[in-house]
Amino acid sequence: MANNKTLSNAKRAKKDEFYTQLVDIESELVHYKTHFLGKTVFCNCDDPYESNFFKYFAANFNHLGLKKLIATCYDPSPVAGRQLDIFGQGILPKSDKKAYKIEITEVTDVNNDGAINLADVEYLIKNDKNVLSKLDGDGDYKSIECEKLLEDADIVVTNPPFSKLNDYILFLHEHSKKFLVMCNHNIVHYTEIFPLIKDNQMWLGFNSNKTVKFAMPDYYEKWDEIIDGVKYGKVPSIGWITNLDITKRHEDLILYKTYNDFDYPKYENFDAIDVERVSEIPCDYYGIMGVPDTLLDQYNPEQFEILGADGIPQSAIDLGIGRIGEEWMKKYRANGGTGHYTANMKSVVLVRNGIAKKPYSRIFIRRKQKPTEYASIEPSVLMAAEGTE
Ligand SMILES: C[S@@+](CC[C@H](N)C(=O)[O-])C[C@H]1O[C@@H](n2cnc3c(N)ncnc32)[C@H](O)[C@@H]1O
């Protein structure tokens, strides 16, 4: 009989088998085209026969000016090399479930049909022994041979197993690799990832916090719809994390509200104001503000500085967030609050209109003073520029 551990492993493995649709890859990748010229791209959680990441880069190999495209397949994947079959022809025999890699260094009209497209990639895979080869191990992204491929690659792009997301991102970061990786929005609260976001070593991509429809293997028991015989499931809070520079990250959030102490109460246990909605960040407040974590979808490091996050113990220590305290707890329970909080927890709380409230998923930020260079300009020059002389 299967024990609990086996069952939870199986459950986790199941959740890792979501396959990204081409349209979702295209809508993100369109913003990064300039990054790929002359680069080696590695899709290291991608069975080329079921991965649209491989398909995207193979189809756009010349358009992006890639130097090389590598994809490695994970043998323990229940659909390795046989399920979705992006070329539609079942190139690998169904029984040949092994880890392998595909390396492409050029895409030309090898099949002489007058066009350069995926048919040429398919032809290459079938006919060029240097393109498709078996791996010695199981294709784990951390295996020695995949790590070696990673070292030779410039940019990693994929949707990795979400159960290993924390480890996966840290692994890429430790290897100083450029990456663009699909993720769950929750990643911003991972204890080891948040400090890297705070220090501007990685950030969220263009599409964030969206509900995305993924293809699922046949054996999944729950799905939202079946299209052309393929099961699809909708997953909320999906986005991208990257360390590739993007224009979005340099665009200021337009701020129109002004500060007042009624709309923006101070926390009971931390010297900062609470902002309920990102769109309501006051334009004239330069102290610490607690804002919803969705700010990270629009975060421009030239406009704001990230100081910490609620719920991350090291942030509470660094920022000096105090205990919730007995008094607030009493008020909260008297208001009918049932949350699992205790007086000793170090997490921000407030009282708004006499009601004890616990804000959700706050990150702490501060506006950057602008523009500091004014300080060094002679007042007469500034006045002339502004027409006030
Ligand atoms: C969420 S799926 C996405 C597949 C593909 N990248 C896509 O976007 O369609 C993650 C894939 O990673 C594979 N995987 C799980 N653990 C892995 C590991 N340690 N190393 C490499 N791949 C792994 C899973 O089998 C699964 O196929």
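Quick note: structure is the one above.
A brief look at the structure comes next. Predicted model, so just to flag it, every value in this text is computed and none were measured.

Glancing now at the overall build of the protein. A tally of regular secondary structure across the protein gives eleven helices and 16 strands. Sorting the 389 residues of the protein into buried and exposed places 33% on the buried side. A separation threshold of at least 6 residues defines the contact pool for the protein, and within that pool the share at least 24 residues apart is 68%.

This paragraph deals with the pairing of strand E1 (residues 40-43). Relative to strand E2 (residues 68-72), E1 runs parallel, the two sharing four bridges. Bridging across to E2, Cys43 finds its partner in Ala71. Pairing geometry for E1 and strand E5 (residues 155-158), over two bridges, is parallel. Residue pairing for E5: Val41 is matched across the bridge by Ile155.

Phi angles above zero are rare outside glycine, and Asn200 is one such case at about 60°. One can find Asn200 in the loop between helix H8 (194-198) and strand E7 (203-204). Positive phi is not limited to glycine here, since Asn209 has a value of about 55°. The topology assignment puts Asn209 in the loop between E7 and strand E8 (210-216).

Moving on, we get to the sheet that holds strand E11 (residues 273-274). Spatially, four strands are ordered E11-E12-E16-E13 in an open sheet, and the strand pairing comes out mixed. Of all strands in the sheet, those bounded by a partner on one side alone are E11 and strand E13 (304-309).

What follows deals with the environment of Gly322. Inspection of the secondary structure assignment puts Gly322 in the loop between helix H9 (313-319) and helix H10 (326-334). Spatially, the C-alpha atom of Gly322 lies 7.3 Å from that of Ser347, the residues being 25 residues apart in sequence.

It is worth spelling out helix H7 (residues 165-174) at this point. Among the residues of H7, Leu165, Tyr168, Ile169 and Leu172 are the ones counted as buried. Here the buried residues of H7 occupy an arc of 95° about the axis, which is enough to place them on one side. Tucked into the core, H7 has its buried residues touching E5, strand E6 (178-184) and strand E10 (230-242). Positive phi appears at Ser176, one or two residues downstream of H7, with a value of about 50°.

Moving on: the pairing of E5. Every second residue of E5 is oriented toward a common face, with Ile155 and Val157 on one face and Val156 and Thr158 on the other, all of them buried. The pairing of E5 with E6 spans four bridges and is parallel. Across the sheet, Thr158 pairs through a bridge with Val181, a residue of E6.

Further remarks concern the nonpolar core. The biggest cluster of nonpolar side chains holds 82 residues, and the ones touching the most others in it are Val41, Phe57 and Leu69. Here this core spans two domains, since at least three of its residues come from each of domain 1 (4-245) and domain 2 (251-373). In this view, Leu69 contacts Val41, Phe57, Ala58, Phe61 and Ile104; residues no more than four positions away in its chain are not counted. Counting residues in each nonpolar core, the second largest holds five residues, with Phe18, Tyr19, Phe214 and Ala215 among its members.

Locating Asp136 in the fold gives a position in the loop between strand E4 (132-134) and helix H6 (144-152). Taking the C-alpha atoms as reference, Asp136 lies 9.5 Å from Lys98; in sequence the two are 38 residues apart.

Calculation rules
- Residues numbered from 1 in each chain as written.
- Predicted model: local features only at pLDDT ≥ 70, side-chain atom pairs only at ≥ 80, totals over all residues.
- Helix = DSSP H or I, 4+ residues; strand = E, 2+ residues; numbered from the N terminus.
- Buried ≥ 20, exposed ≤ 12 C-beta atoms within 10 Å, placed from the backbone.
- Contact = placed C-beta atoms within 7 Å.
- Pairing = 2+ DSSP bridges.
- Arc of directions from axis to C-beta.
- Core = buried A, V, L, I, M, F, W, Y, C linked by C-beta atoms within 7 Å.
- Domains from an automatic or database assignment.

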